Amino acid sequence: MRRRSFLIGAATATVAGAAGYYRSRIVEVPAQVHYPGMETGHHLRDGTALPSSTADRRHDVAILGSGVAGLSCAWKLVREGHRHFVVVQGPEFGGNAAGGQFEDLAYPTGAHYLPLPSLESAHVCEMLADFGIIQNGANTEHPYYDESILAHSPQERLYRHGRWESDLLPMSGLPEDDVAQHLRFIAYTETLRTARGQDGRKVFAIPLSLSSQDAVWRELDTLTFRQWLKRERYTSPALLWYLNYCTRDDYGAGIDTVSAWAGLHYFASRDGHAANAADGAVLTWPDGLASLSRMMCDAITRKLGHTNWLLPGTAARITEARGKVEVLCVDDHTSAYTVHAQRVVCAMPLFVAQRLLPDIRAYGYDPAIHTSPHAAWLVSNFVMDGYPKEAEGEPLSWDNVVYQGNALGYVVSTHQLLRVAPSPRTVFSAYQALSRFTPAQARDWLTQASPETLRAEAAADLLTVYGDEFWRHTQRLDITVRGHAMATPVPGYLSNRGLTALQEADRAVLFAHADLSGYSVFEEASWWGIRAAGRILGGIG
């Protein structure tokens, strides 16, 4: 062998060995942490001096915020032929229905699915039909949906005692009494789906405004969910874990915190059907509800023929004068412009609206009394080069939950892609409601937590399932911190007079946000946006 050949071969072996060594190491990728809206919110909270306005704009209607409520309002206005409006985007397009992108992979940074809408949610069905998601029968009990958007099987699984189970409600290996409690709860909530109050309304409906006002049922809002469960002799640890998981998932807080009415509403209010899917199916996209935000945006642009309706910047101050409204909008904290409008829609969280409207008490809403607690969340997206190894015979599901985990599990962004083989790359989106803290404690913790601490929090469920091997496939980690992610329906929220006053407000300034319902889901946010549009349209001409 020539010496040169030997040296080349030795060098090649050394490089190969080094590569193998680095591949074998466990390397935790650094976290890219995003805090949408935090800087703007803190400027408003702290009363930071605002820049002077350098331009004026005049429009019939100004919608403040491009979340689901604001976009729904604009979509309804333009659908009914009204063109003279603008939407001031706010700090984040889409809000809780936002999404992200890394190269060719899309993923959610907010909500990731929409359940089949009930008949009461006719406003959602109208929207889904407009976007081609409902392909036939939008006004019937069993619409036909686009197959590609119905969550594919397997939809969900539960990691318990070191193995996967196919249902999120634990049933196997439990004492007979526990199983009996589970079945009793399921049977009871099934009867509630069709229960009606003495006023003829469904006891539990979405949107919440259409629910029965019957005092017998509203009494449930004086108790916590745990108090009701104890009263009804539900004691099974597995059932209580499941119910606690569900309320954390929808409301950001557990059964010790949320109202009993809200806890039962979670199970009894949704009764949507489909001609081509089983009851309980959900609609989802790789980037979650960001797709619906984009569809609304595109529909508005098509109707108007331009994109000038969406303005950059964030509303910072609202002033009413002589039946008209002025809105100071700040762009990048350095420049400002003023929007003059006949009607203004506050499509933003109420804890923000109260900073913009110094006289919000004149609307019957006192922040000191009527503000709902807001839960803090993390939405963490792990960009994966390949997939971590699954147990033999255990297929990866769209939604994957760890029993008794601190987090809420993870969803797989590429699950909807119609391919024979799994995609070579994917995103695992992990959700975490920081419900072990009070909301204020959670926000304090988030402001002090390092990216490494947040990474450990985000990866908790994934490491429980896959161990450190998970990091071998992780290429990138994006963490979205939502310090005020969603309003939590605590006992008494149904009788919150401040929320009722803002729901009924019909002045120059209107309110439209899921906060008006006391909890955050797409159907409620879009309901208030479309209600605001209806009030505007009713006042035209």
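This is a predicted model, so every value here is computed, not measured.

### Remarks on the side chain of S211
- Following the sequence through the fold, S211 ends up in the loop between α5 (176–192) and α6 (215–218).
- Within polar-contact distance, the side chain of S211 engages the backbone nitrogen of A205 at 2.9 Å.
- Discounting chain neighbours no more than four positions away, the residues touching S211 are R201, K202, V203, F204, A205, R218 and W261.

### Considerations on the pairing of strand β9 (residues 156–160)
- Taken across its five residues, β9 has four buried, putting it largely inside the fold.
- Relative to strand β10 (residues 163–165), β9 runs antiparallel, the two being bridged by three bridges. Looking across to β10, one finds that Y159 is bridged to W164.
- Between β9 and β10, which pair antiparallel one after the other, the connecting turn spans two residues, and H161 there sits at a positive phi close to 55 degrees.

### Let's talk about the packing of aromatic side chains
- Applying the stated rule across the entire model yields 28 aromatic pairs.
- Measuring from ring centre to ring centre gives 6.2 Å for Y242 and F267, while their planes differ by 50 degrees; the resulting arrangement is tilted. One end of the pair, Y242, is in helix α8 (residues 237–251); the other, F267, is in helix α9 (residues 260–268), and 25 residues separate them in sequence.
- Overall, the relative accessible area of 16% leaves Y242 in the buried class.

### Let's talk about the sheet that holds β9
- Pairing is mixed across the open sheet formed by eight strands, whose spatial order is β1-β20-β16-β19-β18-β17-β9-β10. Only two strands of the sheet have a single neighbouring strand rather than two, namely β1 (31–34) and β10. Strand-to-strand twist of the sheet, defined as the mean angle between neighbouring strand axes without regard to direction, takes the value 25 degrees.
- Bridge analysis of strand β17 (residues 399–402) against strand β18 (residues 410–412) gives two bridges, and the strand direction is antiparallel.

### With respect to the confidence of the model for the chain
- On average, residues of the chain score 92 in pLDDT, and 95% of them reach the 70 mark or higher.
- Low pLDDT (under 50) marks residues 1–23, which in the prediction has two contacts with non-local residues, meaning those over four places away or in another chain.

### Considering helix α10 (residues 290–304)
- The first and last C-alpha atoms of α10 sit 21 Å apart over 15 residues, in line with the 21 Å expected at 1.5 Å per residue.
- Each element contacted by the buried residues of α10 is listed here: α3 (68–79), β3 (85–88), β4 (99–102), β6 (113–115), α4 (122–130) and α17 (522–538).

### With respect to the pattern of salt bridges
- According to the stated counting rule, one finds 25 salt bridges in the structure shown.
- E390 is the partner of R157 in a salt bridge, and the nearest nitrogen-oxygen pair spans 3.0 Å. In this pair, R157 sits in strand β9 while E390 sits in the loop between β16 (374–385) and β17, placing the two residues 233 residues apart along the sequence. Side by side, R157 and E390 carry an identical accessibility label, which is buried.
- We note a salt bridge from E232 to R231, for which the minimum N-O separation is 3.2 Å.
- A relative accessible area of 26% means that E232 is categorised as partly exposed.
- Since its relative accessible area comes to 45%, R231 is described here as partly exposed.
- In this structure, a network of salt bridges that share partners links the residues K76, R79, E80, E126 and D130.

### Overview of the environment of S166
- When you line up the elements, S166 lands in the loop between β10 and α5.
- Between the C-alpha atom of S166 and that of A375, which follows or precedes it by 209 residues, the distance is 29 Å.

### What about the pairing of β17?
- Judged by which residues are buried, β17 turns out to be covered on both faces: D399 and V401 on one side and N400 and V402 on the other are all buried.
- Direction of pairing for β9 relative to β17: parallel, over a ladder of four bridges. Within β17, the position partnered with R157 by the bridge is N400.

### Structural notes on the side chain of S429
- Among the secondary structure elements, S429 is positioned in strand β19 (residues 425–433).
- Residue S429 is classed as buried on the basis of its relative accessible area, which comes to 0%.
- Among all residues touching S429, those that are not within four sequence positions of it are Y107, P108, S380, N381, G409, Y410 and V411.

### Topic: the environment of E523
- Assignment of secondary structure puts E523 in helix α17.
- For E523, a relative accessible area of 2% translates into the label buried.
- A distance of 2.3 Å separates a polar atom in the side chain of E523 from a polar atom in the side chain of R270.

### Observations concerning unusual backbone geometry
- Following S153, the chain continues into P154 via a peptide bond in cis, with omega recorded as -10 degrees.
- Residue position: P154 is located in the loop between β8 (144–145) and β9.
- The omega angle of the peptide bond from I206 to P207 is 5 degrees, so this bond is cis rather than trans.
- Here P207 is to be found in the loop between α5 and α6.
- Positive phi outside glycine occurs at E103, with the angle close to 55 degrees.

What counts, and where the lines are drawn
Residues numbered from 1 in each chain as written. Predicted model: local features only at pLDDT ≥ 70, side-chain atom pairs only at ≥ 80, totals over all residues. Heavy atoms only, no water. Helix = DSSP H or I, 4+ residues; strand = E, 2+ residues; numbered from the N terminus. Polar contact = N/O pair within 3.5 Å; in protein donor to acceptor, adjacent residues only side chain to side chain. Contact = heavy atoms within 4.5 Å. Buried < 20%, exposed > 50% of the residue type's maximum accessible area, 1.4 Å probe, protein only. Pairing = 2+ DSSP bridges. Phe/Tyr/Trp six-rings, centres within 6.5 Å; stacked < 30°, edge-to-face > 60°. Axes fitted to C-alpha atoms, helices over the stretch in contact; angles between N-to-C directions. pLDDT = per-residue confidence, 0-100. Expected span 1.5 Å × (residues − 1). Salt bridge = Lys/Arg side-chain N within 4 Å of Asp/Glu carboxyl O.

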